[in-house]
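# Overview (structure and organization)
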Amino acid sequence: VQLQASGGGLVQAGGSLRLSCVASGRTFSRYNMGWFRQAPGKERESVAAIIGSGGITYYADSVKGRFTISRDNAKNTVYLQMNNLKPEDTAVYYCAAMSGPLALVPGRYQYWGQGTLVTVSS
């Protein structure tokens, strides 16, 4: 599975962005998908995950109520809608794909995209 993330950019605090991640292949719906982020000098952090069918989602406490993960299996795409952005959300955001039980643990994901930078100014 090859993943291509996009949609990052510069936004003011309180603003919104929507990230997209397009996957190659015809078996996209078999993969659980996740979004992760890494700020400069910090470890990679889990953000959100969604099961292959789209019926179950997980969120990190830091983004609950502000971020929404969704997917369109017909378009091989997973999205991350980010609202009420805060400066501490600044990071490179990565999408990833996994087989097996849904998890919000980076080490459980086998395939990773290249990342897209989100910068939130105060």
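Residues numbered from 1 in each chain as written. Predicted model: local features only at pLDDT ≥ 70, side-chain atom pairs only at ≥ 80, totals over all residues. Heavy atoms only, no water.

### A short note on unusual backbone geometry
Although it is not a glycine, Asn76 sits at a positive phi angle of roughly 55 degrees. You can see Asn76 is positioned in the loop between strand E7 (67–72) and strand E8 (77–82). A positive phi angle, close to 50 degrees, is found at Asn84, a residue other than glycine. Of note, Asn84 is situated in the loop between E8 and strand E9 (91–98). Owing to a relative accessible area of 43%, Asn84 belongs among the partly exposed residues under this scheme. (Helix = DSSP H or I, 4+ residues; strand = E, 2+ residues; numbered from the N terminus. Buried < 20%, exposed > 50% of the residue type's maximum accessible area, 1.4 Å probe, protein only.)

### Here we look at the state of the cysteines
Joining two cysteines, a disulfide is a covalent bond between their sulfur atoms. Throughout the structure, instances matching the rule amount to one disulfide. One disulfide in the model links Cys21 with Cys95; its S-S distance is 2.0 Å. With the S-S dihedral at roughly 60 degrees, the linkage between Cys21 and Cys95 falls on the right-handed side. With Cys21 in strand E3 (residues 17–23) and Cys95 in strand E9, this residue pair connects regions lying 74 residues apart in the sequence. The buried category is assigned to Cys21, whose relative accessible area is 0%. (Disulfide = S-S within 2.5 Å.)

### What about the pairing of E8?
Along E8, five of the six residues are buried, which leaves the element largely enclosed by surrounding structure. Bridge count between E3 and E8: six bridges; the pairing is antiparallel. Directly across from Val22, in E8, lies its bridge partner Thr77. Where E7 lies against E8, six bridges are found, and the strand directions are antiparallel. (Pairing = 2+ DSSP bridges.)

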